[in-house]
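# Structural characterization, general
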Amino acid sequence: MYELMVVIRSCDERIRRGLSGGEFACTYWPATGQEAIAAALGTVLRTEDQLVTTYRGLHDQIAKGVPLGPLVAEILTRRAGVNRGKGGAMHISHPQTGLVLSTGIVGSGVPIAVGVALAAQMRGTDQVTVASFGDGATGTGSFHEAVNLAALWNLPIVFLCQNNRYAEMTPTVQAQPVADVADRAAGYGIPGEKVDGNDPDAVHTALGAAVHRASSGEGPTLLECMTFRLWGHYFGDPMRYIPEGELEQARNAEPVARYRHRLIGDGVLDEDGADRIGERARVSVDEAFAAALAAELPSPDDAFVDIYANEGR
Amino acid sequence: MREALNLALGEALAADPTVFIIGEDLADPGGGISQVTKGLSSAYGTDRVRDTPISEAAIVGAAVGAAVAGLRPVAELMIMDFISIALDQLVNHAAKARYMSGGLLSVPLTLRTAVFGGIGSGATHSQTLEAWLAHIPGLKVVVPSTPADAKGLLTSCIFDDDPCVMVENVALYGTSGPVPEGDFRIPLGTADIKRSGDDVTVVTYGRTVRDALSAAGQLAEQGVDVEVVDLRSLVPFDADTVLGSVARTRRVVIAHHATRFAGFGAEVASVINEQLFGQLEAPVRRVGAAFAPIGSAPTLEAAVMPSAGAIADEVRGVTGL
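This text gives an overview of the structure that appears in the document.

Rules behind the numbers
- Residues numbered from 1 in each chain as written.
- Chains lettered and ligands numbered in written order.
- Predicted model: local features only at pLDDT ≥ 70, side-chain atom pairs only at ≥ 80, totals over all residues.
- Heavy atoms only, no water.
- Helix = DSSP H or I, 4+ residues; strand = E, 2+ residues; numbered from the N terminus.
- Rg over C-alpha atoms; globule rule 2.2 N^0.38 Å.
- Buried < 20%, exposed > 50% of the residue type's maximum accessible area, 1.4 Å probe, protein only.
- Contact = heavy atoms within 4.5 Å.
- Pairing = 2+ DSSP bridges.
- Right-handed = clockwise from strand over helix to strand, strands pointing away.
- Axes fitted to C-alpha atoms, helices over the stretch in contact; angles between N-to-C directions.
- Parallel < 35°, antiparallel > 145°, perpendicular 65-115°, else oblique.
- Left-handed = near helix turned anticlockwise from the far one by under 90°.
- Nonpolar A, V, L, I, M, F, W, Y, C, P; charged D, E, K, R; others polar.
- Polar contact = N/O pair within 3.5 Å; in protein donor to acceptor, adjacent residues only side chain to side chain.
- Phe/Tyr/Trp six-rings, centres within 6.5 Å; stacked < 30°, edge-to-face > 60°.
- Lys NZ or Arg CZ within 6 Å of the ring centre and 35° of its normal.
- Salt bridge = Lys/Arg side-chain N within 4 Å of Asp/Glu carboxyl O.

Further remarks concern the overall build of chain B. In terms of helices and strands, chain B carries 12 helices and 12 strands. Taken over C-alpha atoms, the radius of gyration comes to 19 Å for chain B, in line with the 20 Å a tight globule of 321 residues would show. Seen through its C-alpha atoms, chain B measures out along the principal axes to roughly 60 × 45 × 40 Å. A total of 321 residues make up chain B; the buried ones form 60% of that total. Taking contacts inside chain B between residues at least 6 apart in sequence as the whole, the part at least 24 apart equals 81%.

What follows is about the environment of Trp231(A). All names here are of chain A. Within the element layout of this structure, Trp231 appears in the loop between strand 8 (221-226) and helix 9 (246-252). For Trp231, a relative accessible area of 37% puts it in the partly exposed group. Residues Trp231 and Gly22 lie 209 residues apart in sequence; the distance between their C-alpha atoms is 18 Å. Leave out the neighbours within four places in its chain, and Trp231 touches Arg16, Pro30, Thr32, Asp237 and Met239.

Residues and elements named next belong to chain B. Burial of strand 9 (residues 226-230) is extensive: 5 of the 5 residues sit out of reach of the surface. Going residue by residue along strand 9, you find Val226, Val228 and Asp230 tucked away on one face and Glu227 and Val229 tucked away on the opposite face as well. Across 3 bridges, the pairing between strand 7 (residues 192-195) and strand 9 is antiparallel. Its bridge partner being in strand 9, Ile193 is matched across the sheet by Val229. Pairing analysis gives 5 bridges linking strand 8 (residues 200-204) to strand 9, with the strands arranged parallel. When the bridges of strand 9 are listed, Val200 appears paired with Val226. Where the polypeptide runs from strand 8 across helix 8 (residues 207-221) and back to strand 9, its parallel neighbour, the crossover connection is right-handed.

A few words now on the packing of helix 5 (residues 109-123) of chain A against helix 6 (residues 141-153) of chain A. Residues and elements named next belong to chain A. Where helix 5 contacts helix 6, the two axes come as close as 8 Å, and the packing angle between them is 20°. The orientation of helix 5 with respect to helix 6, classified from their angle, is roughly parallel. By crossing handedness, the relation of helix 5 to helix 6 is classed as left-handed. Contact residues: helix 5 offers Val110, Pro111, Val114, Leu118 and Gln121, while helix 6 offers Ser142, Phe143, Ala146, Val147, Leu149, Ala150 and Trp153. Each residue belonging to the contact of helix 5 with helix 6 can be placed in one class, and the counts come to 10 nonpolar, 2 polar and no charged.

Another aspect to go through is the sheet that holds strand 7 of chain B. Note on sheets: strands pair through backbone hydrogen bonds, and any given pair is parallel or antiparallel. Residue and element names in this part refer to chain B. An order of 7-9-8-11-12 is seen for the 5 strands of this open sheet, with the pairing classed as mixed. Two strands in the sheet have a free side with no partner beyond their single neighbour: strand 7 and strand 12 (285-289). Neighbour-to-neighbour, the strand axes of this sheet turn through a mean angle of 25°, independent of strand direction. Bridging between strand 8 and strand 11 (residues 252-259) involves 4 bridges; their strand directions are parallel.

What follows concerns the side chain of Thr221(A). All names here are of chain A. Residue position: Thr221 is located in strand 8. With relative accessibility at 1%, the residue Thr221 sits in the buried group. Polar side-chain contacts of Thr221 include one of 3.0 Å to the side chain of Arg213. When residues no more than four places from it in sequence are discounted, the contact partners of Thr221 are Ile157, Val158, Phe159, Ile190, Pro191, Ala210 and Arg213.

So, about the environment of Gly244(B). Relative to the helices and strands, Gly244(B) is located in helix 9 (residues 239-249). Between the alpha carbons of Gly244(B) and Gly189(B) there is a distance of 15 Å; along the sequence they are 55 residues apart.

Residues and elements named next belong to chain B. Where helix 3 (residues 56-68) meets helix 4 (residues 83-94), the axes come as close as 6 Å, and the angle between the chain directions of the two elements is 25°. One finds that helix 3 runs roughly parallel with respect to helix 4. As helix 3 runs across helix 4, the sense of the crossing is right-handed. Side by side, helix 3 and helix 4 meet where Glu56, Ala57, Val60, Gly61 and Val64 of the first sit next to Ile85, Ala86, Gln89, Leu90, His93 and Ala94 of the second. When its residues are assigned to classes, the contact of helix 3 with helix 4 shows 7 nonpolar, 3 polar and 1 charged.

To continue, consider the packing of aromatic side chains. For any two aromatic rings, the description comes down to two numbers: the centre-to-centre distance and the angle of the planes. Summed over all chains, the structure comprises 10 aromatic pairs over all chains. Taken together, a centroid distance of 6.4 Å and an interplanar angle of 50° make the contact between Tyr2(A) and Tyr259(A) tilted. Highlighted residues: Tyr2(A) in helix 1 (residues 2-20) and Tyr259(A) in helix 10 (residues 255-265), separated in sequence by 257 residues. Given a relative accessible area of 7%, Tyr2(A) falls into the buried group. Between Trp29(A) and Tyr55(A), the aromatic rings sit 5.7 Å apart at their centres with planes inclined by 75°, giving edge-to-face as the arrangement. Pair noted here: Trp29(A) is in the loop between helix 1 and helix 2 (35-44) and Tyr55(A) is in the loop between strand 1 (50-54) and helix 3 (58-64), with a separation of 26 residues, a long-range link. The exposure class of Trp29(A) is buried, given its relative accessible area of 11%. Chaining the aromatic ring pairs together yields one cluster made of Phe133(A), Phe143(A) and Tyr188(A). Across from the ring centre of Trp231(A), 5.8 Å away, lies the NZ or CZ of Arg251(A), which sits over that ring. If you follow Arg50(B) out to its NZ or CZ, it ends over the ring of Trp153(A), 4.4 Å from the centre.

Let's shift gears to the pattern of salt bridges. Here the structure, examined in full by the defined rule, presents 36 salt bridges over all chains. Measuring nitrogen to oxygen at the nearest pair gives 3.1 Å for the salt bridge that ties Glu3(A) to Arg280(A). Residue Glu3(A) is found in helix 1, and its partner Arg280(A) is found in helix 11 (residues 271-294); the two are separated by 277 residues along the sequence. Taking the relative accessible area as the measure of exposure, Arg280(A) reaches 45% and is therefore partly exposed. Between Glu314(B) and Arg285(B) there is a salt bridge whose closest N-O contact spans 2.7 Å. Separated by 29 residues along the polypeptide, Glu314(B) in helix 12 (residues 308-319) and Arg285(B) in strand 12 bring together distant segments of the chain. The partly exposed category is assigned to Arg285(B), whose relative accessible area is 32%.

Interpretation in functional terms is not warranted from these geometric data alone.
This is how it looks when you write it as C-alpha cells:
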C-alpha cells in the first residue's frame, strides 16, 4: 500500500509541477492527501471488481491498476492515452482493469455504479462494484436515488465517500444537516461506517469488510473516509475559503508521511527502503511523463471517431 | 401499437438473456400505465422486467451502468416530461461514454418514453421534447407512427450498440395495423413514404403522420396530390429520402407536434434550403405547436397543438391555392 501511495503522490506532484512551470497545460483536480483510501481500494479489490470514480480520480485510477504511461498520456490529452485524448483527466475509463469510468458531473457516477452492480447481480458473478465519490455528491438527488435503489435490491456495491471536507469551495459542514455522511446510511437501512481516511490500514479493514458483505449477498455499505484535499478543488485554486490554520493542520496529518513513519516505526520498512520506494516511483512517473510529452495530440479527424458504434449519424 | 411494442419487447427478452426492462410500474398485474409491458413480468420474471421506485435519474443511470457492463437494458420513462430528471445520465453519460472512452465503452441502452399531450394532462405532462435529444451527438432518436414501425424500430434500438431513445405517443397506443412476425427490424435512419404524391411533400413523424395523412385525404378532394414522408428516425436522419421527394414535388411542408420554434422541423427546413434552394416553387413552411405551454383545458390544448387542418392550410399555402 505504501508503494501505491508514493506513486500516486509522485504522479500528482509531477502534474502540478508541469502545470506551474508551464511545461504543459491541462485541467486537473489534485488528489494529494487522499492516497490512503486509494491504496486500500487497490489492495482490497480484484481486477474483476469494478470501480466508478470521479474527476478527482488519479489516486483511484492508479490504485485500480490503470497503466501509468497511458494514464498520464490521457491526462495530457495525447492520442496514446487510455481514451485516445478524448476523456482527459476528468473522464478516465479503463474497463480492462475494472476502472469502468470517471464522471465529471458530481453525483452522477453513483447511479451508473449501481447499474454495474445490478449487471453483476443479474449475471450471478461474484464481482463487487465500488462507487467512489466525494462528500459533495451526497447532497445530490442522484446519490439518494441510487443508494435507495441499491439498498432495495441488495446489490453487491460499496458506496465509498472520500470526505475531503470541501465540496468545491463549500465546507461539508455547511452542506449537510447531519454530522456525518455515514449517518445517512440509516435512511436506506444499510450499514454506515466512518473511518480515518488518512490511515490506509483502517480503510483497508473497513473496506475489506464492506466488500465481503457485498460479495456474500449482504448488500451495500456506505463507507465514509475522512481525509483532506490538500491542493484545493482544481489546480491553481487559491483556497481562500479555507480558514487559517486548517490547511497546515491537514498537511501535518497527510497520509504518505504518516504511513512511512508508522511502517518504519513498526520495523516493516527502514529509511533506505522507504527512500528506494520513493525513487522507484519517481523514475516510473518520469518515464511516463517523458513518453506522454513526446506523444502526439489527437488529429482533428479523431474528433469524429467513436461518436457511434457504426459511425452513422 | 401497444401490442406491437409488447411483442417487440417479449421477443427481445426471449431471444437475448442480456435484455431486461427497467422502469416504474411495469410489472403485472399493472402491466404498465399504458399496458405496453403487460404480461412480460409474468413470462420473464420481475428480475428482467424490473419495477423501480419513482427515480428517473437512477432508472436511466442504472441502465447506463448495466449497458456499459454488457447488458441491453430497455428503460422506460412513463411520460416524456420526466426525461428532464434523467437528462444528466442520458446527455452527459449515455451519449458520450463511447466517445470519451476512446471507443472502450459501449452503451447499448434503449430508452422508451411516451408523449401524453392531448388528453388534458397539463403543461408538465404533455410536452413533445425530441428536439432536445436530436441535438446531442451520440444519441439516436426514433419516433414510430404505426404498429409495424413501432415493432421494427424498437427491435432495432434494443439490438443497436448505441443509446437510442424511442419517443412514443399515447394517442397512438390504441391504433391498429399489420405487424410482421418474428425478428423484424427497421434499419435506423430510414424514412418511409407513407403516401405517394406528386404535388407537395409533407415531412413529418410520429403522431403527426396521422394528421398529415388526414390532411392529404382532404386535399386530394381539391386535386392536390400530397406525398407524406415519415422520418421514423430523426437521428440518424434520412436526408436522401427527404431531398429525393422534395426535389420531385418542389414544394414542402414540415409538420410535428413539438413546439415549432427551434423544433426538429427547423433543421429539416435548413437541410432542404441548403440543398434545393433554386428548385423550390415556394418557401419551406412548417407546422408545429405554438410557442406556449400546453394548458389543461381542451380549448387551450387545441389552441396550441397542431392539427390536420393546420397542415392542410400550409399545404394550400405552398401550392398557392
